[in-house]
Amino acid sequence: MDAERLIFAGRHALAQSRTVPDIVAEAWQAQALAQAIGGRLAVYGPPELRGEARGLSETGGRGVGALEHPGVHSGGIRAAQLSGMADARATLLGLGALLGDVGIALVQVACGTDDEGLYWSCVEAIDAADESSDRVRTMLRKLAAREAGRPPDARRARAGPIAVRPDRPLPSPADSSGSPGRSGAVGARGLPGAQGSQGSQGSCEAPGAVGELPGETGVKEKPDAVDSAAGRL
């Protein structure tokens, strides 16, 4: 299935999720999709993107590990259905929007849970989604620079689809294992409880909108730590 269709399905499913298990499961699906898209771009994408694409795949794998494979609905792992992408730019724009949705949803879960284990899993997954969004924005800037450097006739021509080579399948997103040390993820984002005892979680307020991609101006950090992390998504 084309990447854009999978991204659309993921955003729709996340928007329809009402319970914490459903939200966490959809966040896991989104991280797995980011891992798969990054891996495919690293192999078949434009040369300018391959370094960042490898980083995106690694960061998506870290997000998958942070959420510890919650129950996935009967539809299975969407990322396993990825067969190609017709338009790399449109795919990256959609993926950035999906990661923004994921960050907002996980902030809300972290703010509303009394389960310390779930809280810190969300912190790590938010950190991974934030880093993945940064890599997506970098790739979009590189694509824009690549397009600007072409002759006028070439800029008007639409790039063909990225080829799929079934003889070289990518690893399944479900193969990712392990999560990073909690102290690294927490310290990087400064979310509630990042300083002092993990048990003391500050109050938090989820942001009201998903950040735009690309070229958005940075959001000025607020004293509230969770608002700061979500604003970067």
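Within each chain, residues carry numbers counting from 1 in the order of the written sequence. A pLDDT threshold of at least 70 governs which residues receive local features in this predicted model, and a stricter bar of 80 or more applies before side-chain atom pairs are shown or counted, although totals over entire chains, interfaces and linings include all residues. Where side-chain values are given, they derive from all heavy atoms of the structure, hydrogens and water being excluded.

K.L.:
Is there a simple way to think about helix α2 (residues 20-44) in this case?
P.N.:
Each turn of an α-helix holds 3.6 residues, which means side chains three or four residues apart point in the same direction. Helix and strand definitions here come from DSSP, where helices need a minimum of 4 consecutive H or I residues and strands a minimum of 2 consecutive E residues; each element is numbered from the N-terminal end. The length a helix should cover is 1.5 Å for every residue beyond the first. The end-to-end C-alpha separation of α2 is 36 Å, in line with the 36 Å expected for 25 residues at 1.5 Å each. Relative accessible area decides the class of each residue, using a 1.4 Å probe on protein chains only: under 20% of the type maximum gives buried, over 50% gives exposed, and in between gives partly exposed. Across the 25 residues of α2, 21 count as buried, placing the element largely inside the fold.

K.L.:
Honestly, the packing of α2 against helix α4 (residues 88-112) in this entry has me stumped. Any pointers?
P.N.:
Helix-helix packing is described using two parameters, namely the angle between the two axes and the distance between the axes. With their axes 10 Å apart at the nearest point, α2 and α4 run at an angle of 150° to one another. Taken together, the axes of α2 and α4 lie roughly antiparallel to each other. The element α2 and its partner α4 pack so that their crossing is left-handed. Listed contacts from α4 to V20, I23, V24, A27, A30, L33, A34, I37 and L41 of α2 are A88, T91, L92, L95, L98, L99, V102, A105, L106 and V109. Gly is put with the polar residues, along with every residue not named as nonpolar or charged; the nonpolar set is Ala, Val, Leu, Ile, Met, Phe, Trp, Tyr, Cys and Pro, and the charged set is Asp, Glu, Lys and Arg. Residue composition of the contact of α2 with α4, by class: 18 nonpolar, 1 polar and no charged. A fitted line through C-alpha atoms represents every axis, and for helices the fit uses only the stretch in contact; the resulting angles, taken between N-to-C directions, go from 0 to 180 degrees. Any angle that falls under 35 degrees is termed roughly parallel, while one over 145 is termed roughly antiparallel, one within 65 to 115 roughly perpendicular, and all others oblique. Two helices cross in a left-handed way if the nearer one is turned anticlockwise from the farther one by less than a right angle. They cross in a right-handed way if the turn is clockwise. Note on contacts: a residue pair qualifies if any of its non-hydrogen atoms lie within 4.5 Å across the two residues.

K.L.:
Sorry if this is basic, but what is going on with the packing of aromatic side chains here?
P.N.:
Each pair of aromatic rings is reported with the distance of its centres and the angle of its planes. Only Phe, Tyr and Trp rings are paired, with Trp represented by its six-membered ring, and only when their centres lie within 6.5 Å; those with planes under 30 degrees apart are stacked, over 60 edge-to-face, the remainder tilted. According to the stated counting rule, one finds 1 aromatic pair in the structure shown. Taking the centre distance of 5.0 Å and the plane angle of 85° together, the rings of Y119 and W120 count as edge-to-face.

K.L.:
Where do I start with α4 in this structure?
P.N.:
Between its first and last C-alpha atoms α4 spans 36 Å; for 25 residues at 1.5 Å apiece the expected length is 36 Å, and the two agree. Among the 25 residues of α4, 19 are classified as buried, and the element is accordingly described as predominantly covered. Backbone nitrogen of R89 and a side-chain oxygen of the N-cap are separated by 3.0 Å at the start of α4; the cap is D87. Counting of polar contacts relies on pairs of N or O atoms within 3.5 Å, with two restrictions inside protein: one atom must be capable of donating a hydrogen and the other of accepting it, and residues adjacent in sequence are counted only when both atoms are side-chain atoms.

K.L.:
I would appreciate a short explanation of the packing of α2 against helix α3 (residues 50-66) in the present structure.
P.N.:
In contact at an axis separation of 7 Å, α2 and α3 are set at 155° when each is read in the N-to-C sense. In terms of orientation, α2 and α3 fall into the roughly antiparallel class. Note that α2 runs across α3; the crossing there is left-handed. Mapping the contact onto sequence places W28, Q31, A32, A34, Q35, G38, G39, L41, A42, V43 and Y44 in α2 and R50, A53, R54, L56, S57, G60, G61, G63 and V64 in α3. Its residues assigned to classes, the contact of α2 with α3 comprises 10 nonpolar, 8 polar and 2 charged.

K.L.:
Sorry, what's going on with the side chain of T91 here?
P.N.:
Take T91: it is sitting in helix α4. Setting aside anything within four residues of it in sequence, one finds T91 in contact with A3, E4, I7, I37 and M85.

K.L.:
What's the story with the nonpolar core in this structure? I'm lost.
P.N.:
For soluble globular proteins, nonpolar side chains are generally found buried alongside one another. Grouping buried Ala, Val, Leu, Ile, Met, Phe, Trp, Tyr and Cys residues that are joined through side-chain atoms within 4.5 Å yields what is termed a nonpolar core. Of all hydrophobic cores here, the largest spans 47 residues; its most connected members are I37, L41, L92 and L95. At the level of elements, α1 (3-16), α2, α3, α4 and α5 (116-148) are the ones that each hand at least two residues to this core. With 12 residues, α2 is the largest single contributor of residues to this core.

K.L.:
Would you mind going over the pattern of salt bridges with me for this structure?
P.N.:
Pairs may arise between side chains of opposite charge once their charged atoms sit close together. A carboxyl oxygen of Asp or Glu within 4 Å of a side-chain nitrogen of Lys or Arg is what we treat as a salt bridge. Taken as a whole and assessed by the stated rule, the structure comprises 8 salt bridges. Across the pair E26 and R78 runs a salt bridge whose closest N-O atoms are separated by 2.9 Å. A residue pair is termed long-range when its members are at least 10 positions apart, and E26 in helix α2 and R78 in the loop between α3 and α4 qualify at 52 residues. Each member of the pair, E26 as well as R78, carries the same accessibility label: buried. With a closest N to O distance of 3.2 Å, R146 and E48 form a salt bridge. Placement of R146 in helix α5 and of E48 in the loop between α2 and α3 is noted, with a sequence separation of 98 residues between them. We classify R146 as partly exposed; its relative accessible area is 30%. A cluster of three or more residues bridged by salt bridges with shared partners is formed by E52, R62, D127, E131 and R135.

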